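Residues per chain, in single letters:
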Amino acid sequence: MRIVAPALLTAALLMGAPAVAAPAPPADKIELTKMTGRWYEVARLPNKTQKDCQGGTSDWVRTGDTYAVVQACHKGGLTAPATEWKAKAKVIDPKTNARIKMSFFGGMLSQEYWVLEHRSDWLILGTPNGNYMWLMSQRPTLSATAKAQAITRVKQLGYDVSRLEFPLPARN
């Protein structure tokens, strides 16, 4: 489950005004084998940890009943050295596999994340309180059609799409 580069850590570290009313809990079943690998950040709601973060990636590797996650981005531009965050992720709702708890810094910090929508080439990830949201893709960029569909879905979920940031895509 490679999912949200610095996005997951970002949500765990930030406080702020809600961007949306809390979304409904995920109901659709997620096939976990489709979640592993590298995910690229396409869009996000602004947050302090990811300020000026470009080329965000999130690598998810299954390790037994949990996942090892490495999130990375380049602060200031794609030529800057990557900043990395390591985490452990565990599915906390086996009925849907869409609720995930991430632990950072050896479990000193944790945050729940919900996969709000999952398509073949993109997903929307958010926090249960609605404060944070990320659009992730299995490729560095989405086609114009897929991106438009994803942004429409973000709006349908109640997020203010005018606030979205679109960081530069990762080079790999």
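The written sequence of each chain sets the order in which its residues are numbered from 1. Only residues with pLDDT of at least 70 get local features here, since the model is predicted, and only at 80 or more are side-chain atom pairs given and counted; chain-wide, interface and lining totals rely on the full set of residues. Excluded from the side-chain calculations are hydrogens and water; all other atoms, namely the structure's heavy atoms, are used.

### Some points on unusual backbone geometry
- You will see that Asp 52, though not glycine, has its phi angle at about 65 degrees, which is positive.
- Its place among the elements puts Asp 52 in the loop between strand E1 (37-44) and strand E2 (53-63).
- With phi around 65 degrees, Asn 97 is a residue other than glycine that occupies positive phi space.
- Following the sequence through the fold, Asn 97 ends up in the loop between strand E4 (82-91) and strand E5 (99-104).
- Asn 97 gets classed as buried once you look at its relative accessible area, which sits at 10%. Think of it this way: any DSSP run of H or I at least four residues long counts as a helix, any run of E at least two long counts as a strand, and we number them from the N terminus. Buried means the residue's accessible area, taken with a 1.4 Å probe over protein chains only, is under 20% of the maximum for its type, while exposed means over 50%, and partly exposed covers the values in between.

### Remarks on the pattern of salt bridges
- One speaks of a salt bridge when a side-chain nitrogen belonging to Lys or Arg is within 4 Å of a carboxyl oxygen belonging to Asp or Glu. Using the criterion set out here, one finds eight salt bridges in the structure.
- Residue Arg 38 is joined to Asp 59 by a salt bridge in which the shortest nitrogen-to-oxygen separation is 2.7 Å. Separated by 21 residues along the polypeptide, Arg 38 in strand E1 and Asp 59 in strand E2 bring together distant segments of the chain.
- Judged by its relative accessible area of 24%, Arg 38 falls in the partly exposed class.
- Given the relative accessible area of 15%, Asp 59 is considered buried.
- Between Glu 165 and Arg 44 there is a salt bridge, with its nearest N and O atoms 2.9 Å apart. Residue Glu 165 is found in the segment after helix H2 (144-156), and its partner Arg 44 is found in strand E1; the two are separated by 121 residues along the sequence.
- Taking relative accessible area as the criterion, Glu 165 reaches 29% and is therefore assigned partly exposed.

### Points about the state of the cysteines
- Pairs of cysteine sulfur atoms within 2.5 Å are identified as disulfides in what follows. Tallying each qualifying case throughout the model produces one disulfide.
- Disulfide pairing is shown between Cys 53 and Cys 73; the S-S distance is 1.6 Å. Because the torsion about its S-S bond is -60 degrees, the bridge between Cys 53 and Cys 73 counts as left-handed. Here Cys 73 lies in strand E3 (residues 66-75) and Cys 53 lies in strand E2, a separation of 20 residues in the sequence.

### Here's the deal with the confidence of the model for the protein chain
- Note on scores: pLDDT gives the predictor's confidence for each residue, bounded by 0 and 100. The predicted model of the protein chain has a mean per-residue pLDDT of 86, with 88% of residues at 70 or higher.
- Per-element confidence in the protein chain ranges from a low mean pLDDT of 42 for helix H1 (residues 5-13) to a high of 97 for E1.
- Segment residues 1-18: pLDDT under 50, and 89 contacts once partners within four positions in sequence are set aside and those in other chains are kept. Here a residue-residue contact requires only that any non-hydrogen atoms of the pair lie within 4.5 Å.

### Section: the environment of Leu 135
- Secondary-structure assignment places Leu 135 in strand E8 (residues 133-137).
- For the pair Leu 135 and Val 154, spaced 19 residues apart in the sequence, the C-alpha separation amounts to 8.2 Å.
- With residues near it in sequence (within four places) discarded, Leu 135 still touches Tyr 40, Glu 41, Val 42, Ala 43, Trp 122, Leu 123, Ile 124, Leu 142, Ala 150 and Ile 151.

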